[in-house]
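Take a look at the letters that make up each chain.
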Amino acid sequence: MKIYKFLNRPLALEQSCVSFLTQEILAGRTQDLQSMATNPRDSPQVNEKICVIEIKGILVPGDIYWKGWVCGYDAIQEQLIQALSKDCIETIVLLIDSPGGIASGCFDLSDFIYKARKIKRIMAICDSNAYSAAYAIASAAHFITVPRDGGVGSIGVIAMHTDYSKYLDKEGIKVTQITYGAYKGEGDPSIPLTDGALGRIQADVNYLGEMFVETVARNRDLESKKIREMEAGTFLGSFGVEQGLADVVSSPFEAIIKLGK
């Protein structure tokens, strides 16, 4: 997963991680994250009647899983389908520690989990943070726990445009676009972003942002207005519970132990 693949597309990602990606891009470090991961995807962890599915790292579309670094929406859904098909499993635990990721795919997965609540009990346990796309997933569970020093929220969407045009000018490189269609090539980092392009990107971000708000409102039985007024804020521990984004403050260990009793 090259870091530059996050350029010029809507992200449901917490701001500190956006800043990290921006720094990596500006520094030219577009290394393959796969080289930093050593463990292949594990099968769902089953302990008696409880199945634990780990959702950790940056979230992306596809059947991808590099433990602790990158987690694909299709990979998560595949594990959910396996757990749902096993009669012995009564509770599915989503063990989440993620700043979020790419918006594309997260709402379909959230819908899938929301519908799956009719089949089995689904619990989201925050093993630190569940922000942005990760919160869209967590919100679909029956019940959410958050540690006192962990956070939930960041219900918003962001898109980044990196303008390389001045750098190219400095290096004596001229890029000429040859396109069919007035909007083809819009957002290309080799040219400045026009007002029209900015407006269309903002419209896409607004569309996905409203989809995010309505998804969480449905999942958590909250008013859309309340979520919108959070302005994509993040909330630690008890503050997340006060906002209605989580149900109880608990360490991941304590939450899993209680489930086993």
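For the structure itself, look to the data block above.
Source: prediction; values computed, not measured. (Residues numbered from 1 in each chain as written. Predicted model: local features only at pLDDT ≥ 70, side-chain atom pairs only at ≥ 80, totals over all residues. Heavy atoms only, no water.)

1. Details of the overall build of the protein
- For the protein, the count of helices and strands is 9 helices and 13 strands.
- The 261 residues of the protein split such that 46% are buried.
- Taking as baseline every contact in the protein between residues at least 6 positions apart, the subset at least 24 positions apart corresponds to 71%.
- As presented, the protein carries roughly 13,500 Å² of accessible surface, and 52% of it is formed by carbon and sulfur atoms. (Helix = DSSP H or I, 4+ residues; strand = E, 2+ residues; numbered from the N terminus. Buried < 20%, exposed > 50% of the residue type's maximum accessible area, 1.4 Å probe, protein only. Contact = heavy atoms within 4.5 Å. Areas by Shrake-Rupley, 256 points an atom, 1.4 Å probe, with all protein chains shown as cover.)

2. Here we look at the nonpolar core
- Membership of the largest hydrophobic core comes to 51 residues, with the highest contact counts inside it found for Leu59, Ile92, Leu94 and Ile137.
- Of all the secondary-structure elements, those providing two or more residues to this core are β3 (50-56), α2 (73-85), β7 (91-98), α3 (106-116), β9 (121-131), α4 (133-138), β10 (143-146) and α6 (195-220).
- Formed by 8 residues, the second largest nonpolar core is a distinct cluster that contains Val93, Leu95, Ile125 and Ala255. (Core = buried A, V, L, I, M, F, W, Y, C linked by side-chain atoms within 4.5 Å.)

3. Re the side chain of Lys56
- Assignment of secondary structure puts Lys56 in strand β3.
- A polar atom in the side chain of Lys56 sits 2.7 Å from the side chain of Asp127.
- Leave out the neighbours within four places in its chain, and Lys56 touches Gly68, Trp69, Val70, Cys71, Leu95, Asp97 and Asp127. (Polar contact = N/O pair within 3.5 Å; in protein donor to acceptor, adjacent residues only side chain to side chain.)

4. Overview of α6
- Between the first and last C-alpha of α6 there are 37 Å, a value that for 26 residues agrees with the 38 Å anticipated at 1.5 Å per step.
- Those residues of α6 that fall on the buried side of the exposure criterion are Ala197, Val205, Leu208, Gly209, Phe212, Val213, Thr215, Val216, Ala217, Asn219 and Arg220. (Expected span 1.5 Å × (residues − 1).)

5. Examining the side chain of Ser190
- Structurally, the position occupied by Ser190 is in the loop between α5 (165-170) and α6.
- Every residue in contact with Ser190, bar those within four places of it in the chain, is listed here: Ser165, Leu168 and Val175.

6. Let's talk about the state of the cysteines
- Taken as a whole, this structure holds 0 disulfides when the rule is applied.
- Cys88 carries a free sulfur, and the closest cysteine sulfur to it, the one in Cys51, is 9.1 Å from it. (Disulfide = S-S within 2.5 Å.)

7. As for the packing of aromatic side chains
- On inspection of all chains with the given rule, the structure shows 1 aromatic pair.
- Between Phe107 and Phe212 the ring centres are 5.5 Å apart and the planes differ by 65°, which places this aromatic pair in the edge-to-face class. Linking Phe107 in helix α3 with Phe212 in helix α6, this pair joins segments that are 105 residues apart in sequence.
- Sitting above the plane of the Tyr114 ring, Arg218 keeps its charged end 4.2 Å from the centroid. (Phe/Tyr/Trp six-rings, centres within 6.5 Å; stacked < 30°, edge-to-face > 60°. Lys NZ or Arg CZ within 6 Å of the ring centre and 35° of its normal.)

8. Observations concerning unusual backbone geometry
- Even without a glycine there, the phi angle at Ser128 is positive, about 110°.
- Tracing the backbone shows Ser128 in strand β9.

9. Some words on α2
- Across its 13 residues, α2 extends 18 Å between first and last C-alpha, which sits within 8% of the 18 Å expected from 1.5 Å per residue.
- Taken together, the buried positions of α2 are Tyr73, Ala75, Ile76, Gln79, Leu80, Ala83 and Leu84.

10. Side note on the packing of α3 against α6
- Relative to each other, α3 and α6 sit at 15°, their axes nearing to 11 Å. It follows that α3 is roughly parallel to α6 by the angle criterion. The interaxial crossing formed by α3 with α6 has left-handed handedness. Facing Phe107, Ser110, Asp111 and Tyr114 of α3, the residues of α6 in contact are Leu208, Met211, Phe212, Thr215, Arg218 and Asn219.
- Residue composition of the contact of α3 with α6, grouped by class: 5 nonpolar, 3 polar and 2 charged. (Axes fitted to C-alpha atoms, helices over the stretch in contact; angles between N-to-C directions. Parallel < 35°, antiparallel > 145°, perpendicular 65-115°, else oblique. Left-handed = near helix turned anticlockwise from the far one by under 90°. Nonpolar A, V, L, I, M, F, W, Y, C, P; charged D, E, K, R; others polar.)

11. Structural notes on the packing of α2 against α3
- Where α2 contacts α3, the two axes come as close as 10 Å, and the packing angle between them is 15°. In terms of orientation, α2 lies roughly parallel with respect to α3. The way α2 lies across α3 gives a crossing that is left-handed. Between α2, through Tyr73, Ile76, Gln77, Leu80, Ile81 and Leu84, and α3, the contact on the second element is made entirely by Cys106, Leu109, Phe112, Ile113 and Ala116.
- Along the lines of polarity and charge, the residues of the contact of α2 with α3 split into 10 nonpolar, 1 polar and no charged.

12. Notes on the environment of Thr176
- Position of Thr176 relative to the elements: it lies in the loop between α5 and α6.
- Thr176 gets classed as exposed once you look at its relative accessible area, which sits at 57%.
- A C-alpha to C-alpha distance of 9.3 Å links Thr176 and Ser190, two positions 14 residues apart in sequence.

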